[in-house]
Amino acid sequence: MKYNGLYFALFRGTMKKVLSEHCGKAFARDTMKKAHPVYKELVTEADDIGYGNPWPIMSCLLWPLWCLT
């Protein structure tokens, strides 16, 4: 599947904040540096299910609702 850095960028701050709270800032910094290449490899190796993928549409519809809760 084609890699798009948007999704990783959207959740980077949240992931780093949770890691910092639970494991410390140094661990969070190191983990986030290592996580990006792993995520990129994971996405590029995934099967592309094509245009009929419902996730982008659903994420645009559900994201504002999830943020309000």
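Whatever comes next refers back to the structure up there.
Residues numbered from 1 in each chain as written. Predicted model: local features only at pLDDT ≥ 70, side-chain atom pairs only at ≥ 80, totals over all residues. Heavy atoms only, no water.

So, on to the overall build of the protein chain. Regarding its fold elements, the protein chain presents 3 helices and 0 strands. Listed N to C, the secondary structure of the protein chain is α-α-α in terms of helices and strands. Among the 69 residues that make up the protein chain, the fraction classed as buried is 9%. Within the protein chain, contacts between residues separated by at least 24 positions form 65% of all contacts whose residues are at least 6 apart in sequence. (Helix = DSSP H or I, 4+ residues; strand = E, 2+ residues; numbered from the N terminus. Buried < 20%, exposed > 50% of the residue type's maximum accessible area, 1.4 Å probe, protein only. Contact = heavy atoms within 4.5 Å.)

On the surface, Arg12, Lys16, Arg29 and Lys33 cluster together into a positively charged patch. Counting residues per element, the ones that place at least two in the positive patch are α1 (6-23) and α2 (25-45). By the element assignment, lysine 16 lies in helix α1. For lysine 16, a relative accessible area of 36% corresponds to the partly exposed category. (Patch = residues over 30% accessible without salt bridge, like charges linked within 9 Å, V, L, I, M, F, W, Y side chains within 5 Å. Areas by Shrake-Rupley, 256 points an atom, 1.4 Å probe, with all protein chains shown as cover. Salt bridge = Lys/Arg side-chain N within 4 Å of Asp/Glu carboxyl O. Lys, Arg positive; Asp, Glu negative; His and termini not counted. Charge placed at Lys NZ, Arg CZ, Asp CG, Glu CD.)

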